[in-house]
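# Overview (structure and organization)
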Amino acid sequence: MSEAIPPHDGEQHQHGRLAGRLNWLRAGILGANDGIISTAGIVVGVAGATTDRDWLLLTGLAGLVAGAFSMAGGEYTSVSAQRDTERAALARERWELEHLADEELAELTLIYERKGLSRALAEQVARELTAEDALAAHAEAELGIDADEQTNPWSAAVSSFVAFAVGAVLPLLAIVLPPPTARVPVTMVTVVVALALTGYAGARLGGGRRSRAAARAVIVGLLTMAVAYAVGSALGVSVS
């Protein structure tokens, strides 16, 4: 019977980095998905109102820029707030470790007891982890925070901006490049294919049902374009 191979040095850290990269990739896919849907809704809605290529290009670009900056700003604000909260929690934990060391050790012991370890083993684990890196041990067990790796809000903002812009380019090109009679059908096909791929990829990374996620993304995109086109047609304008 073969023995289980113990994790090598740094393996847990590498797993944490891998999880972080997967989260970023999943966020990028979702950002691209938003760019596809929102820009498709804009350009198809305008296509329902006018066939003028300049109007389509102008509104599509405006939607791309506004949406990308909105996504980036929202992500920056959200991640900054999260990082500020984590830093405040770590500062409080650092103070408690300096001034309430015995109480903190007892708390960490209780946490591992509740996870199924015996009292003696839980206390041993708590003592050894505290001796190795007290702040890291308590931050992970009590707060669920990695004290050494915190998300950079600027990185998050740039990633969201790029992901949204890349997604938005697809429906924009699909609406302005074909001849007028083919613009809406080509855009719809392009958007359906793109959303199916992003939905599938997102579900694969998240471990969800891929076909259902792809179908859900496609349905949302089709509904968005259908409603936008109907509104644009009802409010059709003439462009000189």
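Residues numbered from 1 in each chain as written. Predicted model: local features only at pLDDT ≥ 70, side-chain atom pairs only at ≥ 80, totals over all residues. Heavy atoms only, no water.

An unreviewed UniProt entry annotates the chain as VIT family protein of Jiangella rhizosphaerae. In the Subcellular location (unreviewed entry) part of its UniProt record, the chain is described as follows: "Endomembrane system". (UniProt positions renumbered as here; feature names shortened; annotations may be inferred.)

### Quick look at the pattern of salt bridges
Under the criterion given, the structure shown has two salt bridges. Between Arg 119 and Glu 113 there is a salt bridge whose closest N-O contact spans 2.9 Å. Residue classification places Arg 119 among the partly exposed positions, given a relative accessible area of 45%. Across the pair Glu 123 and Arg 127 runs a salt bridge whose closest N-O atoms are separated by 3.2 Å. Linking Glu 123 with Arg 127, this pair stays in helix 4 (residues 119-143), spanning four residues, or about one helical turn. (Salt bridge = Lys/Arg side-chain N within 4 Å of Asp/Glu carboxyl O. Buried < 20%, exposed > 50% of the residue type's maximum accessible area, 1.4 Å probe, protein only. Helix = DSSP H or I, 4+ residues; strand = E, 2+ residues; numbered from the N terminus.)

### A short note on the packing of helix 2 (residues 53-99) against helix 5 (residues 153-176)
For the pair helix 2 and helix 5, the least separation of the axes is 8 Å and the interaxial angle reads 160°. Between helix 2 and helix 5, the crossing angle belongs to the class labelled roughly antiparallel. Crossing hand, helix 2 versus helix 5: right-handed. Here the residues of the contact of helix 2 with helix 5 sort into 22 nonpolar, five polar and three charged. (Axes fitted to C-alpha atoms, helices over the stretch in contact; angles between N-to-C directions. Parallel < 35°, antiparallel > 145°, perpendicular 65-115°, else oblique. Left-handed = near helix turned anticlockwise from the far one by under 90°. Nonpolar A, V, L, I, M, F, W, Y, C, P; charged D, E, K, R; others polar.)

### Details of the environment of Val 218
Inspection of the secondary structure assignment puts Val 218 in helix 7 (residues 210-234). Val 218 sits in the buried class, given a relative accessible area of 15%. For the pair formed by Val 218 and Leu 195, sequence separation is 23 residues and the distance between their alpha carbons is 5.6 Å. Residues within four places of Val 218 in sequence aside, it is in contact with Val 192, Leu 195 and Ala 196. (Contact = heavy atoms within 4.5 Å.)

### Considerations on a nonpolar patch on the surface
A cluster of nonpolar side chains, contributed by Val 158, Val 162 and Val 166, occupies part of the molecular surface with about 260 Å² of accessible area. One can find Val 158 in helix 5. (Patch = residues over 30% accessible without salt bridge, like charges linked within 9 Å, V, L, I, M, F, W, Y side chains within 5 Å. Areas by Shrake-Rupley, 256 points an atom, 1.4 Å probe, with all protein chains shown as cover.)

### Some thoughts on the side chain of Glu 104
Within the fold, Glu 104 resides in helix 3 (residues 101-114). No salt bridge forms around the buried Glu 104; measuring N to O, its nearest opposite-charge neighbour Arg 92 is 8.6 Å away. Residues within four places of Glu 104 in sequence aside, it is in contact with Glu 93, Glu 96, Leu 97, His 138 and Glu 142. (Lys, Arg positive; Asp, Glu negative; His and termini not counted.)

### Some thoughts on the UniProt feature "transmembrane region" (unreviewed entry) in the chain
UniProt feature "transmembrane region" (unreviewed entry): in the numbering of this structure it lies at residues 27-49, 55-73, 154-176, 182-201 and 213-237. Measuring from the first to the last C-alpha atom of residues 154-176 gives 33 Å, for a span that is 100% helix and 0% strand.

### Here's the deal with the nonpolar core
Generally speaking, nonpolar side chains in soluble globular proteins are found buried as a group. Among the nonpolar cores identified, the biggest contains 23 residues, and Leu 56, Ile 175, Val 191 and Leu 195 are the most heavily contacted of them. Ranked by residue count, the leading element in this core is helix 1 (residues 11-49), at seven residues. Those residues within four positions of Leu 195 in sequence are excluded, and the remaining contacts are Asn 33, Ile 36, Ile 37, Ala 217, Val 218 and Gly 221. Leu 108, Ala 122, Ala 126 and Ala 137 belong to the second largest nonpolar core, which has seven residues in total. (Core = buried A, V, L, I, M, F, W, Y, C linked by side-chain atoms within 4.5 Å.)

### What to know about helix 3
Compared with an ideal rise of 1.5 Å per residue, which puts 14 residues at 20 Å, helix 3 spans 20 Å between its outermost C-alpha atoms and is within 8% of the ideal. Those residues of helix 3 not exposed but buried are Glu 104, Leu 105, Leu 108, Thr 109, Ile 111 and Tyr 112. An end-on view of helix 3 places all buried positions within 155° of arc, on one side of the element. Facing away from the buried side of helix 3 by over 90 degrees, the exposed positions are Asp 102 and Arg 114. Gly 116 sits one or two positions beyond helix 3 and adopts a positive phi of about 115°. (Expected span 1.5 Å × (residues − 1). Arc of directions from axis to C-beta.)

### Notes on the packing of aromatic side chains
If you walk through the whole model with that rule in mind, you get two aromatic pairs. With 5.0 Å between their ring centres and 75° between their planes, Phe 69 and Phe 161 make a pair best called edge-to-face. Of this pair, Phe 69 sits in helix 2 while Phe 161 sits in helix 5; the two residues are 92 residues apart in sequence, bridging distant segments of the chain. Given a relative accessible area of 55%, Phe 69 falls into the exposed group. Ring centres 4.8 Å apart and planes at 55° place the aromatic pair Tyr 76 and Trp 154 in the tilted group. Placement of Tyr 76 in helix 2 and of Trp 154 in helix 5 is noted, with a sequence separation of 78 residues between them. On the accessibility criterion, Tyr 76 (31% relative accessible area) is partly exposed. (Phe/Tyr/Trp six-rings, centres within 6.5 Å; stacked < 30°, edge-to-face > 60°.)

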